[in-house]
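Next come the chains, spelled out residue by residue.
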Amino acid sequence: MTRYGEGHKERTHRAIVDVATSALRTEGIEGARVADMMRNAGLTHGGFYTHFGSKDDLVAEACGAGVVAARESIVGVASRATPQARVRAVLDAYLTGARRDGAGCTLATLGGEIARQPRKVRARFSRELANSLEAIAPLMDGMDEEHRVDQVLAMLASMVGAMMLARAVSDRALSDRILDVGRRAIGGAVAQVGRRETTPE
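## Examining the nonpolar core
Then step 1. Counting 55 residues, the largest nonpolar core has Met 140, Met 155 and Met 159 as its most contacted members.
Then step 2. Elements with a contribution of two residues or more to this core: α1 (8-27), α2 (34-40), α3 (55-80), α4 (86-94), α6 (106-114), α7 (119-136), α8 (148-168) and α9 (172-192).
Then step 3. Ranked by residues supplied to this core, first place goes to α3 with eleven residues.
Then step 4. When sequence neighbours within four positions are dropped, the list of residues in contact with Met 155 reads Val 87, Val 90, Leu 91, Met 140, Met 143, Ile 186 and Val 190.

This is how it looks when you write it as structure tokens:
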């Protein structure tokens, strides 16, 4: 019997999740096959059940990992910008042609599919999204402190929606326009979240 060193199972598990996270973004949840993901991780199909009880378990973990990766990317961009420039920096980094044309992020590529997945998948996605709001909000010093979490939610929802539209349309000029309008408009819209409407005297 082959003996593996300490941490081998954890590293293998992580490798499967990494491959699955990428595969789900490019092929979709229904299109990604367990056998293919295991092969791409350099493993046999039979070894899958050593790590996961079902494909849904893997999808839940991979979707969660994808949200964490998006969160870490946003936190990294925001941390490198000055407080007043952080919203603009995040928008400029996220709403790009390169991100649209690449594998993209889990939020934009799988959001529609996740809505139709079993409860365990949606619960993991929901938990990591909530964690993301709490992790990003403290960095946004330029936002209204009282409404900062809501403003981050508005920013994320608007960015992801713009990216989903930009990826969906077949007209490249229209797609570029969606990204450009998103970069210019979302920052101003986010600033309005939480402000009380004032009635003229």
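Here the narrative resumes.
## As for the environment of Leu 156
Then step 1. Relative to the helices and strands, Leu 156 is located in helix α8.
Then step 2. Judged by its relative accessible area of 5%, Leu 156 is buried.
Then step 3. Between the alpha carbons of Leu 156 and Gln 117 there is a distance of 21 Å; along the sequence they are 39 residues apart.
Then step 4. If sequence neighbours within four positions are ignored, Leu 156 has contacts with Ile 74, Leu 129, Leu 133 and Ile 136.

## Re the pattern of salt bridges
Then step 1. Tallying each qualifying case throughout the model produces twelve salt bridges.
Then step 2. A salt bridge links Arg 33 to Asp 36; the shortest N-O distance between them is 3.0 Å.
Then step 3. Asp 92 is the partner of Arg 88 in a salt bridge, and the nearest nitrogen-oxygen pair spans 3.8 Å. Pair noted here: Arg 88 and Asp 92 are both in helix α4, with a separation of four residues, about one helical turn.
Then step 4. Among the residues examined, Arg 88 registers a relative accessible area of 36% and is labelled partly exposed.
Then step 5. Where salt bridges share partners, they join Arg 100, Asp 101, Arg 172 and Asp 176 into one cluster.

## A word on the packing of α8 against α9
Then step 1. Contact pair α8 / α9: the axes reach a minimum separation of 9 Å and the direction vectors enclose 170°. In terms of orientation, α8 lies roughly antiparallel with respect to α9. Judged by residue contacts, Gln 151, Ala 154, Met 155, Ser 158, Met 159, Ala 162, Met 163, Leu 165 and Ala 166 of α8 engage Ser 175, Ile 178, Leu 179, Ile 186, Val 190 and Ala 191 from α9.
Then step 2. For the contact of α8 with α9, the class distribution of residues is twelve nonpolar, three polar and no charged.

## Observations regarding the confidence of the model for the chain
Close inspection of predicted coordinates is inappropriate for parts of the model with low pLDDT.
Then step 1. The predicted model of the chain averages 90 in pLDDT, with 93% of residues at 70 or higher.
Then step 2. Across residues 197-201 the pLDDT falls below 50, and counting only partners more than four positions away or on other chains, this stretch makes zero contacts in the model.

## As for the environment of Ala 154
Then step 1. Note on placement: Ala 154 falls in helix α8.
Then step 2. Leaving out residues up to four positions away in the same chain, Ala 154 has contacts with Val 190 and Val 193.

## A few points about the state of the cysteines
Then step 1. In the structure shown here, the tally under the stated rule is zero disulfides.
Then step 2. Of all cysteine sulfurs, the one in Cys 105 lies closest to Cys 63, which takes part in no disulfide; the gap is 11 Å.

## Section: the environment of Ala 89
Then step 1. If you trace the backbone, Ala 89 turns up in helix α4.
Then step 2. If we skip the residues at most four places from it in the chain, Ala 89 touches Val 77 and Ala 81.

## Section: the packing of α1 against α3
Geometry of a packed helix pair, given as the angle between the helix axes and the separation of the axes.
Then step 1. Relative to each other, α1 and α3 sit at 80°, their axes nearing to 8 Å. It follows from the interaxial angle that α1 and α3 lie roughly perpendicular. Facing α1, whose interface residues are His 13, Arg 14, Ile 16, Val 17, Ala 20, Thr 21 and Leu 24, α3 presents Leu 58, Val 59, Glu 61, Ala 62, Cys 63, Ala 65 and Gly 66.

## Observations concerning the side chain of Arg 100
Then step 1. With respect to the secondary-structure elements, Arg 100 resides in helix α5 (residues 97-101).
Then step 2. Among the residues examined, Arg 100 registers a relative accessible area of 8% and is labelled buried.

## So, α8
Owing to its 3.6 residues per turn, the α-helix brings residues three or four apart onto one side.
Then step 1. With 21 residues, α8 extends 30 Å between its outermost C-alpha atoms, agreeing within 8% with the 30 Å of an ideal straight helix rising 1.5 Å per residue.
Then step 2. Looking at α8, one finds that the buried residues are Arg 148, Gln 151, Val 152, Ala 154, Met 155, Leu 156, Met 159, Val 160, Ala 162, Met 163 and Ala 166.
Then step 3. Considering only its buried residues, α8 is in contact with α3, α4, α5, α6, α7 and α9.

Criteria and thresholds
Residues numbered from 1 in each chain as written. Predicted model: local features only at pLDDT ≥ 70, side-chain atom pairs only at ≥ 80, totals over all residues. Heavy atoms only, no water. Core = buried A, V, L, I, M, F, W, Y, C linked by side-chain atoms within 4.5 Å. Buried < 20%, exposed > 50% of the residue type's maximum accessible area, 1.4 Å probe, protein only. Helix = DSSP H or I, 4+ residues; strand = E, 2+ residues; numbered from the N terminus. Contact = heavy atoms within 4.5 Å. Salt bridge = Lys/Arg side-chain N within 4 Å of Asp/Glu carboxyl O. Axes fitted to C-alpha atoms, helices over the stretch in contact; angles between N-to-C directions. Parallel < 35°, antiparallel > 145°, perpendicular 65-115°, else oblique. Nonpolar A, V, L, I, M, F, W, Y, C, P; charged D, E, K, R; others polar. pLDDT = per-residue confidence, 0-100. Disulfide = S-S within 2.5 Å. Expected span 1.5 Å × (residues − 1).

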